[in-house]
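Working through the structure, step by step
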Amino acid sequence: MRNAVIAIAGLFGLLLPACGGDGNESPPPAPGAEPKGTDRISIFRNAYDPAADLPRIEPEHAVIYMPSGNWSYSHHPSVTYFQGAFYAVYSNGMRGEDEPGQRVMIASSRDFIRWSAPQLLAEPSDGDYGTKKILTPGGIRVCDGRLTVYYTENDNDGTSNARLNPQLYAVTSPDGRTWTRPVSLGLAIFPSHAPLRLSTGRLAMTCNRAFYYSDDPTGLRGWHKCGTAAQDQTGHVTFEQIRPSLCEGELFEHADGTLYCLFRNSSTPYDGYLWQAQSYDGGRNWTMPVRSDFSDNNTKSFFCALPDGRYLYIGTPDNTRQGTRYPLVLALSEDGFNYDKCYILSDDRYIRQYEGRWKSGDYGYPFAYIREGWIYVIVSRQKERMDALKCKISDLR
């Protein structure tokens, strides 16, 4: 592994002063058992109506990164909080998505509004086809008291879109300034998000339709591929009926202990809805996916449980205009399944400034962090600009 990791000795010095219900009606089956019938499945749904005059949130807003001529692509955002500061990571390429030379950047802020200048965290090594390899961030989180960033490195032959020889790595830091050399996790995957820590302490992670878990608190070792039910479960619309192309699953844990995954469906033809699967044994075994009633604009989504007992969604649910990823919507649920309170989180337009491969969509891959009564959101704009938004949970009534 020859990709370089930059020791960002001055990063912290750049920081500015701080201003910072219903579940499954029946008991869950035994670990690994396959649920039978619709009585075991709570279908996710939302009440988003693109024609409705939705209430608006007025979040505080900041720009983390503005594109420049030499590095005009930015995407795959993630954010966490560590030792008094927020840390954001994202991919950064010269023109378009997943092209040779794509790297990982990091920026920091004490208040989520005033950000340090982005710094290079990891750059790709030389590939086997005369170009640099490609790095794709897999998220940032705190594991065992250390700031941890995951990313995948892959090669490309220059003539196809094939992701050749992917390998997942992690780098860690005790202080946000100095970083270890990359550690291979022994997985040839592209994580959708950083691993989710469950109430049991276990870490769970998705890669398209595959699931992984580890009981190692560092998140660096002991990753196991999970089992998936061999036969379809009865549901709304089943996997076997459609055979959809599912990717970029979003994990969240319900208060009843069930672990859910909401998938983006990138199939042609586009069906405009998230698909869902669940695990009753802490992520070791998973049901086959079924289609939800939750509309989606073909992008990653964010779900989590809030400290006040409600559940949060952030994404782009308008499925009437595929690929626009507009507007950015925040929705709330009392039971974790019915997201009937919808708000416009942001609907300003960003005009793409540079041409590049696969650049589209106003609000891409939103990710959020919850802390001390606030929701902190990071999102890419037309895969060029990186934005930060924050709002109070108490304002969402």
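Reading the values: rules and limits
Residues numbered from 1 in each chain as written. Predicted model: local features only at pLDDT ≥ 70, side-chain atom pairs only at ≥ 80, totals over all residues. Heavy atoms only, no water. Helix = DSSP H or I, 4+ residues; strand = E, 2+ residues; numbered from the N terminus. Buried < 20%, exposed > 50% of the residue type's maximum accessible area, 1.4 Å probe, protein only. Areas by Shrake-Rupley, 256 points an atom, 1.4 Å probe, with all protein chains shown as cover. Pairing = 2+ DSSP bridges. Axes fitted to C-alpha atoms, helices over the stretch in contact; angles between N-to-C directions. 1 Å grid on protein atoms, 1.4 Å probe; cavity = no way out; pocket = protein on both sides within 12 Å on 5 of 7 lines; lining within 4 Å. Points joined across faces, edges and corners; volume = space filled by probe spheres on them. Nonpolar A, V, L, I, M, F, W, Y, C, P; charged D, E, K, R; others polar. Phe/Tyr/Trp six-rings, centres within 6.5 Å; stacked < 30°, edge-to-face > 60°. pLDDT = per-residue confidence, 0-100. Contact = heavy atoms within 4.5 Å. Polar contact = N/O pair within 3.5 Å; in protein donor to acceptor, adjacent residues only side chain to side chain.

It is worth spelling out the overall build of the chain at this point. A tally of helices and strands in the chain yields one helix and 29 strands. Counting across all 397 residues of the chain, residues that qualify as buried make up 59%. Accessible area of the chain: about 15,400 Å², with a carbon and sulfur share of 47%.

Strands sit in the order β22-β23-β24-β26 across an open sheet of four strands; the sheet is antiparallel. Looking at which strands have only one partner, the edges of the open sheet turn out to be β22 (302–305) and β26 (341–346). On average, each strand axis in the sheet is inclined to that of its neighbour by 20°, with strand direction left out of account. In terms of strand pairing, strand β23 (residues 311–315) meets strand β24 (residues 328–333) through five bridges, oriented antiparallel. Counted as the bridge partner of Leu312 is Leu332 from β24.

So, on to empty space enclosed by the protein. If you add up the space inside the largest cavity, you get close to 50 Å³. Every residue along the wall of the largest cavity is listed here: His76, Pro77, Ser78, Pro137, Gly138, Gly139, Ser192, His193, Lys300 and Tyr365. Across the lining of the largest cavity, the residue classes break down as three nonpolar, six polar and one charged.

It is worth spelling out the packing of aromatic side chains at this point. Tallied over the full model, the rule gives 26 aromatic pairs. Between Tyr260 and Phe337, the aromatic rings sit 5.4 Å apart at their centres with planes inclined by 80°, giving edge-to-face as the arrangement. One end of the pair, Tyr260, is in strand β18 (residues 259–265); the other, Phe337, is in the loop between β24 and β25 (338–339), with 77 residues separating them in the sequence. Overall, the relative accessible area of 1% leaves Tyr260 in the buried class. Classification of Phe337 by relative accessible area gives buried; the value is 2%. Between Phe302 and Phe367 the ring centres are 5.3 Å apart and the planes differ by 75°, which places this aromatic pair in the edge-to-face class.

Most of strand β29 (residues 385–392) sits inside the fold, with seven of its eight residues counted as buried. Here strand β3 (residues 60–65) runs beside β29; their pairing, made up of five bridges, is antiparallel. Bridge assignment links Val63 to a residue of β29, and that residue is Asp387. Inspection of the sheet shows strand β28 (residues 374–381) paired to β29 by eight bridges, in the antiparallel sense. Within the sheet, the bridge partner assigned to Ile375 lies in β29 and is Cys391.

If you trace the four strands from one edge of the open sheet to the other, you get β8-β9-β10-β11, paired in antiparallel fashion. Of all strands in the sheet, those bounded by a partner on one side alone are β8 (134–143) and β11 (183–184). Bridge analysis of β8 against strand β9 (residues 146–155) gives nine bridges, and the strand direction is antiparallel. In the strand pairing of β9, Ile134 is matched with Asn154.

The subject of this paragraph is the confidence of the model for the chain. Taken as a whole, the chain shows an average pLDDT of 89; of its residues, 88% reach a score of 70 or greater. Confidence drops under pLDDT 50 across residues 7–39; counting only partners more than four residues distant or on other chains, this segment forms 77 contacts.

In this chain, Thr268 is followed by Pro269 through a cis amide linkage whose omega measures 5°. On the secondary structure map, Pro269 appears in the loop between β18 and β19 (273–279). With a phi angle near 55°, Gln382 is a residue other than glycine that sits in the positive phi range. Relative to the helices and strands, Gln382 resides in the loop between β28 and β29.

Our next topic: the side chain of Glu384. Within the secondary structure layout, Glu384 lies in the loop between β28 and β29. Residue Glu384 is classed as buried on the basis of its relative accessible area of 0%. At 2.8 Å, the side chain of Glu384 and the backbone nitrogen of Tyr354 are in polar contact. Dropping the residues within four chain positions of it, Glu384 is found in contact with Tyr65, Pro67, Ser72, Ser74, Tyr350, Arg352, Gln353, Tyr354 and Lys359.

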